[in-house]
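An overview of the molecular structure
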Amino acid sequence: MRLQLALNVRDIDEAVDYYGKLFKATPHKRRPGYANFALDEPPLKLVLFENPHAPERINHLGVEVFDAAHVREAAARLEAADILTETEEEAVCCHAEQTKVWSDEPQGLRWEWYVITDDAPAAVATGAVASGACCDGQEEEAAVLAAGGSADLSAPACCDV
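Residues numbered from 1 in each chain as written. Predicted model: local features only at pLDDT ≥ 70, side-chain atom pairs only at ≥ 80, totals over all residues. Heavy atoms only, no water.

1. Thoughts on the pattern of salt bridges
Within the structure shown, the criterion is met by 9 salt bridges. With a shortest N-O distance of 3.6 Å, Glu86 and Arg110 are connected by a salt bridge. One end of the pair, Glu86, is in strand β6 (residues 86–93); the other, Arg110, is in strand β8 (residues 110–118), with 24 residues separating them in the sequence. A residue is classified by how much of its surface remains accessible, and Glu86, at 27% relative accessible area, is partly exposed. The structure contains a network of salt bridges with shared partners spanning Arg2, Lys45 and Glu64. (Salt bridge = Lys/Arg side-chain N within 4 Å of Asp/Glu carboxyl O. Helix = DSSP H or I, 4+ residues; strand = E, 2+ residues; numbered from the N terminus. Buried < 20%, exposed > 50% of the residue type's maximum accessible area, 1.4 Å probe, protein only.)

2. Overview of helix α2 (residues 68–80)
Helix length check: α2 (13 residues) gives 18 Å between terminal C-alpha atoms against 18 Å at 1.5 Å per residue, within 8%. Listing the buried residues of α2 in full gives Val71, Ala74, Ala75 and Leu78. Buried positions in α2, seen along its axis, are confined to an arc of 105° and lie on one side of it. The exposed set on the far side of α2, more than 90 degrees from its buried face, consists of Arg72, Glu73 and Ala80. For α2, the secondary structure elements touched by its buried residues are β5 (58–65), β7 (96–104) and β8. Taking the backbone nitrogen of Ala69 as reference, a side-chain oxygen 3.1 Å away marks Asp67 as the first, capping residue of α2. Looking one or two residues beyond α2, the residue adopting positive phi is Asp82, at roughly 60°. (Expected span 1.5 Å × (residues − 1). Arc of directions from axis to C-beta. Contact = heavy atoms within 4.5 Å. Polar contact = N/O pair within 3.5 Å; in protein donor to acceptor, adjacent residues only side chain to side chain.)

3. So, the packing of aromatic side chains
With the rule as written, the count across this model stands at 3 aromatic pairs. Ring geometry for Tyr34 against Phe49: centres 5.8 Å apart, planes inclined by 55°, an arrangement best described as tilted. In this pair, Tyr34 is assigned in strand β3 (residues 34–39) and Phe49 in strand β4 (residues 44–50), connecting sequence segments 15 residues apart. Phe49 shares its class with Tyr34; the two are buried. Grouped by ring-pair contacts, the aromatic residues Tyr18, Tyr19 and Phe23 constitute a single cluster. The positively charged end of Arg77 is found above the aromatic ring belonging to Trp113, 5.0 Å away from the centroid. When the ring centre of Trp102 is taken as reference, the NZ or CZ atom of Arg110 above it lies at 4.0 Å. (Phe/Tyr/Trp six-rings, centres within 6.5 Å; stacked < 30°, edge-to-face > 60°. Lys NZ or Arg CZ within 6 Å of the ring centre and 35° of its normal.)

4. Description of the pairing of β3
Counted residue by residue, β3 has 5 buried out of 6 residues, so it is predominantly covered. Taking the residues that link successive antiparallel strands as the turn, the strand β2 (residues 29–31)-β3 hairpin has 2 residues, and the phi of Gly33 there is positive, at about 75°. Relative to β4, β3 runs antiparallel, the two being bridged by 6 bridges. Note that in β4 the partner of Asn36 across the bridge is Val47. Counting the residues in the hairpin turn of β3 and β4 gives 4 residues. (Pairing = 2+ DSSP bridges.)

5. Considering unusual backbone geometry
Going from Glu41 to Pro42, the amide bond is cis rather than trans, its omega being -5°. Among the structural elements, Pro42 can be located in the loop between β3 and β4. Even without being glycine, Lys24 reaches a positive phi, approximately 50°. Following the sequence through the fold, Lys24 ends up in the loop between α1 (12–23) and β2. Of note, the phi angle at Asp82 is positive, near 60°, even though the residue is not glycine. The residue Asp82 is located in the loop between α2 and β6 in this model. Judged by relative accessible area, Asp82 falls into the exposed class, the value being 68%.

Spelled out as structure tokens, the structure:
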């Protein structure tokens with residue numbers, strides 16, 4: 001498993017350049033307005049969303065696991081603690097299909113516990129889902145971004161994406 005840090009950035013190219021140098025790495029995935037670094041050392045999934053008008057730099061936090069059993073275990077633990085906010089099965093989100101659970105901490109910061117079930121889903125490749133489509137009502141903004149426009153994605157994103 002590895003921790004995920006999803007950041008809102010002013011300029012995606014500038015951020016990719018900086019974090020590439022900081023971690024001596026290249027992005028695992030790069031799309032318009034989006035990039036992620038899947039690092040082994042330190043074990044980190046760094047996700048960057050170009051969102052220059054976001055009120056906060058942290059978009060959300062997460063824990064990436066590598067099998068669905070860990071997501072089910074997290075769901076059971078969060079539900080037993082009465083802090084499970086949402087469950088998503090095979091959601092196409094930010095250029096990947098994922099199964100995940102969400103928990104919102106008392107001050108509103110969103111945490112996801114997730115597994116990527118398909119890193120290049122056909123629904124995105126064929127255009128059946130807007131490239132990079134996200135949860136929490138951001139599908140329209142994601143479609144605008146995919147078409148080369150700009151959108152304010154300051155609402156919490158589901159993406160890892």
